[in-house]
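# Summary of structural features
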Amino acid sequence: MDSIEKKNLELEERISEFLHINADDEKRHNALLNLKLVKCDFANSKIIFRFDVGGEWCLNPYGGIHGGVSCSIFDTSMGIGAVAIAGEYVTTTDLSVNFLKPMLGRHYDVVCEYTHVGNKIIRCNAKLINIDTGELSTMAMAGFMKVKRTVVR
């Protein structure tokens with residue numbers, strides 16, 4: 001196993017650990033999102049998650065995914081990736097979302113690309129892609145600040 005494969009595996013293990021923590025606490029918002037890890041690409045600082053509509057709770061009156069839910073999808077997926085990459089807890093410093101098309105699908109990939117991993121701040125761009133149509137529906141940018149609590153080995 002080369003070093004990139006090893007880094008991908010380590011990143012995947014960290015992310016899986018945080019997804020498991022989220023799923024275990026059913027009373028928390030993150031558990032409702034039920035995000036799944038699709039792919040880790042350490043060399044390109046890219047992580048892909050899957051979001052499947054899991055019920056009426058996340059829909060707006062028009063039957064599409066509510067804008068607030070898409071913001072939560074971005075904040076949670078980018079944040080989990082930031083924690084896994086940094087090896088420390090993070091807190092969101094800013095989140096900007098651009099809604100391009102109504103989110104009428106039921107299966108989405110959340111493609112997160114980490115553009116800066118510094119000593120204190122992590123920057124990320126992400127997009128929600130409708131798996132059934134291949135269409136880009138929403139894009140986001142976010143910043144995360146590391147906090148002084150180590151969470152991974």
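Everything below is about the structure printed above this text.
Residues numbered from 1 in each chain as written. Predicted model: local features only at pLDDT ≥ 70, side-chain atom pairs only at ≥ 80, totals over all residues. Heavy atoms only, no water.

## Some remarks on the overall build of the protein chain
Helix and strand counts for the protein chain stand at 3 helices and 6 strands. Listed by position from the N terminus, the elements making up the protein chain come as α-α-β-β-α-β-β-β-β. At 15 Å, the protein chain has a C-alpha radius of gyration in line with the 15 Å of a compact globule built from 153 residues. Expressed as lengths along the three principal axes of its C-alpha atoms, the size of the protein chain is roughly 45 × 30 × 25 Å. Relative to its 153 residues, the protein chain shows a buried fraction of 40%. Within the protein chain, counting contacts between residues at least 6 apart in sequence, those at least 24 apart form 64% of the total. Accessible surface, the protein chain: about 8600 Å² in total, of which carbon and sulfur atoms supply 50%. (Helix = DSSP H or I, 4+ residues; strand = E, 2+ residues; numbered from the N terminus. Rg over C-alpha atoms; globule rule 2.2 N^0.38 Å. Buried < 20%, exposed > 50% of the residue type's maximum accessible area, 1.4 Å probe, protein only. Contact = heavy atoms within 4.5 Å. Areas by Shrake-Rupley, 256 points an atom, 1.4 Å probe, with all protein chains shown as cover.)

## What to know about the pairing of strand E2 (residues 46-52)
Where strand E1 (residues 36-41) meets E2, 5 bridges bridge the pair, whose relative direction is antiparallel. Across the sheet, the residue bridging to Lys39 is Ile48, located in E2. As consecutive antiparallel partners, E1 and E2 are separated by 4 residues, and within that stretch Ser45 has a phi angle of approximately 50°, a positive value. Relative to strand E4 (residues 107-117), E2 runs antiparallel, the two being bridged by 7 bridges. (Pairing = 2+ DSSP bridges.)

## Brief notes about the nonpolar core
In terms of nonpolar packing, the biggest core is built from 37 residues, with Ile15, Phe49, Phe51 and Met78 touching the most fellow members. Contributing elements (two or more residues each) for this core: helix H1 (3-24), E2, helix H3 (67-86), strand E3 (88-99), E4, strand E5 (121-130) and strand E6 (136-150). For this core, the element with the highest residue contribution is H3, accounting for 9 residues. Excluding residues that lie within four positions of it along the chain, Phe49 makes contacts with Ile15, Leu19, Leu35, Lys36, Leu37, Val38, Ser77, Ile80, Tyr108, Asp109, Val110 and Cys112. (Core = buried A, V, L, I, M, F, W, Y, C linked by side-chain atoms within 4.5 Å.)

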